[in-house]
Amino acid sequence: MEYNFSRAAHNMRSSAIRNILSLAVRPDIISFAGGMPGDELFPTNDLRELVATLTEKQVQEAMQYGPTSGYPPLLEALKEWLRAKGFPVDTNRLIITTGSLQAINIIGKIFINPGDVVLTEDPVFIGATSAFKSFEAELKGVPMDADGIDIAALKAALALNPKFVYVTPNFHNPAGLSYSPQRRAEFIEVMAQTDIPVLEDDAYGELFYSDDVKPLIVPMKTTAADEQRYFYSGSFSKVFGPGLRVAWLLVPEAVYAKAEVCKQSMDACSPMLSQVLAYEFLRTGKMQTYIEQLRAIYKVRRDCMVAAVRRECPAEATFVEPKGGFYLWLKMPHGVDEEVLVRRCVNEGVVFVTGKTFDPDEQPNGYIRLSFSNTPEDQIETGIRILGEQMKQMIV
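Below is a summary of the structure that appears in this document. (Residues numbered from 1 in each chain as written. Predicted model: local features only at pLDDT ≥ 70, side-chain atom pairs only at ≥ 80, totals over all residues. Heavy atoms only, no water.)

Another point: the overall build of the protein. Secondary structure summary: the protein contains 14 helices and 13 strands in total. Taken over the C-alpha trace, the protein has a radius of gyration of 21 Å; the compact-globule value for 396 residues is 21 Å, and the two agree within 12%. Taking the principal axes of the C-alpha coordinates as reference, the protein spans close to 65 × 60 × 55 Å. Residue burial in the protein is summarised as follows: out of 396 residues, 57% are buried. Sequence-distant contacts in the protein: of pairs separated by 6 or more residues, those separated by 24 or more amount to 76%. For the protein, the accessible surface area stands at approximately 17000 Å², while carbon and sulfur atoms represent 53% of it. Averaged over its 40 positive side-chain charges, the protein has a centre that lies 1 Å from the centre of its 50 negative ones. (Helix = DSSP H or I, 4+ residues; strand = E, 2+ residues; numbered from the N terminus. Rg over C-alpha atoms; globule rule 2.2 N^0.38 Å. Buried < 20%, exposed > 50% of the residue type's maximum accessible area, 1.4 Å probe, protein only. Contact = heavy atoms within 4.5 Å. Areas by Shrake-Rupley, 256 points an atom, 1.4 Å probe, with all protein chains shown as cover. Lys, Arg positive; Asp, Glu negative; His and termini not counted. Charge placed at Lys NZ, Arg CZ, Asp CG, Glu CD.)

What follows is the structure, given as structure tokens:
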């Protein structure tokens, strides 16, 4: 039987990363593919303690439906956590979402009409492009350099009258880079001359690897004079556990009203058990302690990968050294086709994601994404040695 699927369904695409991850379960594979925390790093002991100390009322609440906007104690704790970071929480509303991807889908659903233009960075998070395309958006990618989005290209693309601009200024997925303070200021200035909203995705913002980076990665929602233009998405996935699916949107009141109704039609409410645990993890201070532990561990893994790439790969394989997050975005040397490279590496026991996965138009771009977050140092060393060997063989 043939089924008459909707146009939206025809516009959906499977994540190449999800497909590649099927290889990662092989015991002989070293995976640089998945952008996920290391399993061995999860705060399992803390989680057991939190569960053991829940009151009867909290357990009952955790098992029940909750408000669409989120578990009230979590909303209040999160509000104060964000206030301390300089966010305008009194002129905006918070809504808990089932992962940051739901936040992206909500903004897409309440703003995009078929044929509307959405500006993204190029490269861009594949989850966002999949969401926007499912609403039949026309995507326009704006190139980036080491300091962030290209301002001249952004100005030109704004002539397309996009519905909104989607950006990831901190520890970009996949590019690993962060916008420089000057580039942030330029972006804010350019956008202030328009009436176009900005969706600021900050899933990795807590994972900076030295204190001197912190003042360089201040979210634009906290500094822009016209902060109501900025819809801010944050997440506990990278700093607590992605399986809990707890994230949030901080948006103006008018956007919140539409977002809440939209979320009601998606899942009514995010899992209450996850929200109760996130609240306790935040309230007890365990989250901040855990974040600091993660920063130290991921810094070691970042340093290991950067050193290994510089040692094992051809000098023409270049990258911007990430100051946080999960990823290294590696430009291929002349003569190395990344699609051929990944097939050769898989045969040798290494897997990663090729750059076209993150291209808004799904075109090859001469890059690969290497994730160091989920791979111990000994495997990083071995995997990058194999990667470098295959590159050198292809150049010859």
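Now for a nonpolar patch on the surface. A cluster of nonpolar residues, Met 1, Tyr 3 and Phe 5, forms a patch on the protein surface that exposes about 460 Å² of accessible area. Relative to the elements of secondary structure, Met 1 occurs in the segment before α1 (7-11). (Patch = residues over 30% accessible without salt bridge, like charges linked within 9 Å, V, L, I, M, F, W, Y side chains within 5 Å. Salt bridge = Lys/Arg side-chain N within 4 Å of Asp/Glu carboxyl O.)

This part takes up the packing of helix α12 (residues 286-312) against helix α14 (residues 377-395). The N-to-C vectors of α12 and α14 enclose an angle of 25°; their axes lie 9 Å apart at closest approach. In this view, α12 runs roughly parallel relative to α14, as classed from their interaxial angle. As α12 runs across α14, the sense of the crossing is right-handed. Residues Val 300, Arg 301, Cys 304, Met 305, Ala 308, Val 309, Arg 311 and Glu 312 of α12 form the contact with α14, whose participating residues are Glu 377, Ile 380, Glu 381, Ile 384, Arg 385, Gly 388 and Lys 392. Broken down by class, the residue content of the contact of α12 with α14 amounts to seven nonpolar, one polar and seven charged. (Axes fitted to C-alpha atoms, helices over the stretch in contact; angles between N-to-C directions. Parallel < 35°, antiparallel > 145°, perpendicular 65-115°, else oblique. Left-handed = near helix turned anticlockwise from the far one by under 90°. Nonpolar A, V, L, I, M, F, W, Y, C, P; charged D, E, K, R; others polar.)

What follows is about the pairing of strand β7 (residues 198-201). Side chains Val 198 and Glu 200 project from β7 onto one buried face, and the interleaved Leu 199 and Asp 201 project onto a second face that is buried too. Between strand β6 (residues 164-167) and its parallel partner β7, the chain crosses via helix α9 (residues 181-192), and the hand of that crossover is right-handed. (Right-handed = clockwise from strand over helix to strand, strands pointing away.)

With that out of the way, let us pick up the sheet that holds strand β3 (residues 117-122). In space, the eight strands of this open sheet follow the order β2-β9-β8-β7-β6-β3-β4-β5, with mixed pairing throughout. Of all the strands in the sheet, the pair left with one neighbour each is β2 (93-97) and β5 (148-149). Relative to strand β9 (residues 247-251), β2 runs antiparallel, the two sharing five bridges. Residue Leu 94 lies in a different strand from β9, and its bridge partner there is Leu 250. Contacting β3, β4 (138-145), β5 and β6, helix α8 (residues 151-158) crosses the sheet at an angle of about 165° to β4. The sheet strands contacting helix α10 (residues 253-266) are β2, β8 (230-235) and β9, and the helix crosses β2 at an angle near 25°. (Pairing = 2+ DSSP bridges.)

Taken together, the buried positions of helix α13 (residues 338-348) are Glu 338, Glu 339, Leu 341, Val 342, Cys 345 and Val 346. Within α13, the buried residues cover an arc of 155° as seen down the axis, which keeps them to one side. In α13, the exposed positions that point more than 90 degrees away from the buried face belong to Arg 343 and Asn 347. Capping of α13 at its N-terminal end is provided by Asp 337; its side-chain oxygen lies 2.8 Å from the backbone amide nitrogen of Glu 339. Following α13 by one or two positions, Gly 349 has its phi on the positive side, about 100°. (Arc of directions from axis to C-beta. Polar contact = N/O pair within 3.5 Å; in protein donor to acceptor, adjacent residues only side chain to side chain.)

Before going further, it helps to spend a moment on the state of the cysteines. Within the structure shown, the criterion is met by zero disulfides. Lacking any disulfide linkage, Cys 304 is separated from the closest cysteine sulfur, that of Cys 313, by 12 Å. (Disulfide = S-S within 2.5 Å.)

Our focus in this paragraph is the packing of aromatic side chains. Using the criterion set out here, one finds 19 aromatic pairs in the structure. A centroid spacing of 6.0 Å and a plane angle of 75° characterise the contact between Tyr 71 and Tyr 279, whose relative ring orientation is edge-to-face. Of the two residues, Tyr 71 sits in the loop between α4 (56-63) and α5 (72-83) while Tyr 279 sits in helix α11 (residues 272-283), which places them 208 residues apart along the sequence. The burial state of Tyr 71 is the same as that of Tyr 279; both residues are buried. Relative to Tyr 327, the ring of Phe 326 lies with its centre 6.0 Å away and its plane at 70°, an arrangement referred to as edge-to-face. Positioned over the ring face of Trp 81 is Lys 85, at 4.5 Å from the centre of the ring. (Phe/Tyr/Trp six-rings, centres within 6.5 Å; stacked < 30°, edge-to-face > 60°. Lys NZ or Arg CZ within 6 Å of the ring centre and 35° of its normal.)

Quick look at the sheet that holds strand β10 (residues 327-331) now. Overall, antiparallel pairing links the three strands, which are arranged β10-β13-β12 in an open sheet. This sheet does not close on itself; its edge strands, each paired only once, are β10 and β12 (353-354). Relative to the sheet, α14 contacts β10 and β13 (367-371), its axis offset from that of β13 by approximately 165°.

Close contact between helix α3 (residues 44-53) and α11 brings their axes to 10 Å; oriented N to C, the two are set at 105°. In terms of orientation, α3 lies roughly perpendicular with respect to α11. Residues Asp 46, Leu 47, Leu 50 and Val 51 of α3 form the contact with α11, whose own contacting residues are Leu 277, Glu 280 and Phe 281. Partitioned by chemical class, the residues of the contact of α3 with α11 number five nonpolar, no polar and two charged.

Backbone torsion omega between Asp 122 and Pro 123 reads 15°, so that peptide bond is classified as cis. Along the polypeptide, Pro 123 turns up in the loop between β3 and α7 (126-134). With an omega of 20°, the peptide bond between Asn 173 and Pro 174 qualifies as cis. In this fold, Pro 174 is placed in the loop between β6 and α9.

On their own, these measurements won't tell you what the molecule is for.
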